[in-house]
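Structural overview for review
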Amino acid sequence: MPTITEVPRGLAGVVVTDTALGDVRGSEGFYHYRQYSAVELAGSRSFEDVWHLMLRGTLPDAARRAGFAAETAALRHLPADVRDALPALARSCAPSGPLAGLRTALSLLGASAGLRPLYDTDAARREADALTACAAVPTLLTALYRLGRGLEPVAPRDDLPHAANYLYMLTGAEPDPRHARAVERYLISTVDHGFNASTFTARVIASTGADLVACLGGAIGALSGPLHGGAPSRALDTLDAIGTPGRADGWIRERVLAGERIMGFGHPVYRTEDPRSRMLREIAEEFGGPLVDLAVEVEGRVEAILAELKPGRELHTNVEFYAGVVMELCGLPREMFTPTFCAARVIGWSANILEQAEDSKIIRPAARYVGPPPPQPVPAASDM
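Residues numbered from 1 in each chain as written. Predicted model: local features only at pLDDT ≥ 70, side-chain atom pairs only at ≥ 80, totals over all residues. Heavy atoms only, no water.

This model, assessed by the stated rule, comprises five aromatic pairs. Taking 6.2 Å as the distance between ring centres and 65° as the angle between the ring planes, the aromatic pair formed by phenylalanine 47 and tryptophan 51 counts as edge-to-face. Note that phenylalanine 47 and tryptophan 51 are positioned in helix α2 (residues 47-56) at a spacing of four residues, about one turn of the helix. Tryptophan 51 shares its class with phenylalanine 47; the two are buried. Arranged with centres 6.4 Å apart and planes meeting at 35°, the rings of phenylalanine 195 and phenylalanine 200 form a pair that is tilted. Assessed through its relative accessible area of 35%, phenylalanine 195 is described here as partly exposed. In this structure phenylalanine 200 comes out as partly exposed when scored by relative accessible area, which is 21%. (Phe/Tyr/Trp six-rings, centres within 6.5 Å; stacked < 30°, edge-to-face > 60°. Helix = DSSP H or I, 4+ residues; strand = E, 2+ residues; numbered from the N terminus. Buried < 20%, exposed > 50% of the residue type's maximum accessible area, 1.4 Å probe, protein only.)

Moving on, we get to the pairing of strand β1 (residues 22-25). Judged by which residues are buried, β1 turns out to be one-sided: Gly22 and Val24 face inward and are buried, whereas Asp23 and Arg25, on the alternate face, are not. Pairing of β1 with strand β2 (residues 30-33) involves four bridges; the strand directions are antiparallel. Among the inter-strand pairings, arginine 25 is bridged to a residue of β2, identified as phenylalanine 30. Connecting β1 to the antiparallel partner β2 that follows it, the hairpin turn spans four residues, and glycine 29 within it adopts a positive phi of roughly 65°. (Pairing = 2+ DSSP bridges.)

The subject of this paragraph is the sheet that holds strand β3 (residues 36-37). Strand order in this open sheet of three strands is β1-β2-β3, and the pairing throughout is antiparallel. One side of each edge strand has no neighbouring strand; the edge strands of this open sheet are β1 and β3.

Turning our attention to the packing of helix α8 (residues 177-189) against helix α15 (residues 319-329). Close contact between α8 and α15 brings their axes to 10 Å; oriented N to C, the two are set at 160°. Taken together, the axes of α8 and α15 are roughly antiparallel relative to one another. α8 and α15 meet at a crossing whose hand is left-handed. Where α8 abuts α15, its residues His179, Ala182 and Tyr186 lie against Val319, Ala323, Val326, Met327 and Leu329. (Axes fitted to C-alpha atoms, helices over the stretch in contact; angles between N-to-C directions. Parallel < 35°, antiparallel > 145°, perpendicular 65-115°, else oblique. Left-handed = near helix turned anticlockwise from the far one by under 90°. Contact = heavy atoms within 4.5 Å.)

For the chain, the assigned domains are domain 1 (23-176 + 186-224 + 334-358) and domain 2 (231-329). For domain 1 versus domain 2, the separation of C-alpha centres amounts to 28 Å. Counting residues at the interface gives 19 residues for domain 1, matched by 22 residues for domain 2. Of the roughly 1,600 Å² buried between domain 1 and domain 2 on both sides combined, carbon and sulfur atoms contribute 67%. Our count for the contact surface shared by domain 1 and domain 2 stands at three salt bridges. Put simply, arginine 334 and aspartate 240 hold a salt bridge, and the shortest N to O gap is 2.5 Å. Inspection of the domain 1/domain 2 interface yields three residue pairs in polar contact (both at pLDDT 80 or more). Contributions of two or more residues to the side of domain 1 that touches domain 2 are made by β1, β2, α1 (38-44), α8 and α16 (337-357). Considering each element in turn, the side of domain 1 that touches domain 2 owes the most residues, four residues, to α16. Considered class by class, the residues forming the side of domain 1 that touches domain 2 number seven nonpolar, eight polar and four charged. (Domains from an automatic or database assignment. Buried area = accessible area lost by both parts, 1.4 Å probe. Salt bridge = Lys/Arg side-chain N within 4 Å of Asp/Glu carboxyl O. Polar contact = N/O pair within 3.5 Å; in protein donor to acceptor, adjacent residues only side chain to side chain. Nonpolar A, V, L, I, M, F, W, Y, C, P; charged D, E, K, R; others polar.)

Our focus in this paragraph is the pattern of salt bridges. For the coordinates displayed, the defined rule picks out 25 salt bridges. For glutamate 254, the salt bridge goes to arginine 255, with nearest N and O atoms at 3.5 Å. The partly exposed category is assigned to arginine 255, whose relative accessible area is 21%. Look at the salt bridges and you will find they share partners, linking Asp237, Asp240, Glu328 and Arg334 into a network.

Its 20 residues place the ends of helix α14 (residues 290-309) 28 Å apart at the C-alpha level, agreeing with the 28 Å of an ideal helix rising 1.5 Å per residue. Regarding α14, the residues found buried are Val292, Leu294, Ala295, Val298, Glu299, Val302, Ile305 and Leu306. Taken around the axis of α14, the buried residues stretch over an arc of 165°, which confines them to a single face. Turned more than 90 degrees away from the buried face of α14, the exposed residues are Pro290 and Asp293. (Expected span 1.5 Å × (residues − 1). Arc of directions from axis to C-beta.)

According to UniProt, the "active site" (unreviewed entry) feature falls on His267 and Glu320. Their sequence span is 54 residues, while the largest C-alpha to C-alpha distance among them is just 10.3 Å; these annotated residues converge on one region. Within the secondary structure, histidine 267 sits in the loop between α12 (248-257) and α13 (275-287). Setting aside its immediate chain neighbours within four residues, histidine 267 contacts His193, Asp274, Arg276 and Asn318. (UniProt positions renumbered as here; feature names shortened; annotations may be inferred.)

Next comes the structure, spelled out in structure tokens:
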């Protein structure tokens, strides 16, 4: 039996494996994909380039970029049996939204494609399965969203880059290039982020040898939680509730003194400004307008009031705060904020799943029992 080791709640700071995919250096406000700054990648490369980097280990040259873009664009199209099932699935999941529907839709896609357990497949087959699932996620999400509103799904276009095609399938119109690039930068910035809850969940499932879609389904379930990926629309709700800069101080003080959490602020790893938030604020300020002005004002007031009322705590905006602003400015409906995050993070999950599949050791931690001392006599059924 292995030696029991006490660790912090939530496994905070506990190293559970080695990875070549990237890391988050919270004290520095820096994170990277493989050997490259994620923020620099978002500023200078395409989504397809970063996808290639995460799954195949290198940034592609022009020829490989074109080949990879064509390969993944062809995988955006859904099998007929999956397409035919989506209307009923969208109706059933309408109260919960596209992210809930995605779990079932991905399971159907995996079953339709005959995905086998990771344990029984080689590296080439696993990568092919990952590409199929990742390419299909935006198509599934946008179809479920549109069907849930009585609209016909929009078929993907092979001639559009990944982010532009996502917006096209969502709205039915070819997007403004500025909006497409802003969303692309957001997507790149959220591809991966260390061993967050959903990534760790995916790797735990992968360690059992389950199929790739089973791993993704677990990750999506973890992402759906408001404390993980479910905050962009909630952060925007905060701005709606404040309304104007003049109401900011009173609203913020009331919440902080009541012990309520202000969504979009604070991060379990960063002790500095979240670099993703910094980048997204710059994107938002390029657009400008009343919403951006309010967001910048509220950010400053929240940080000032938290510093006054909770001295010694470093709390800054996280990725969700300005992500909501950018997506609102680019015309995405709020119900699609977290699903859009998922459309990017599925790349990082898949890369982690493929890496974990190379390790034959199942992830099996222990728990400390704190219930009544056993063994106790079992009461007779007649006494109960």
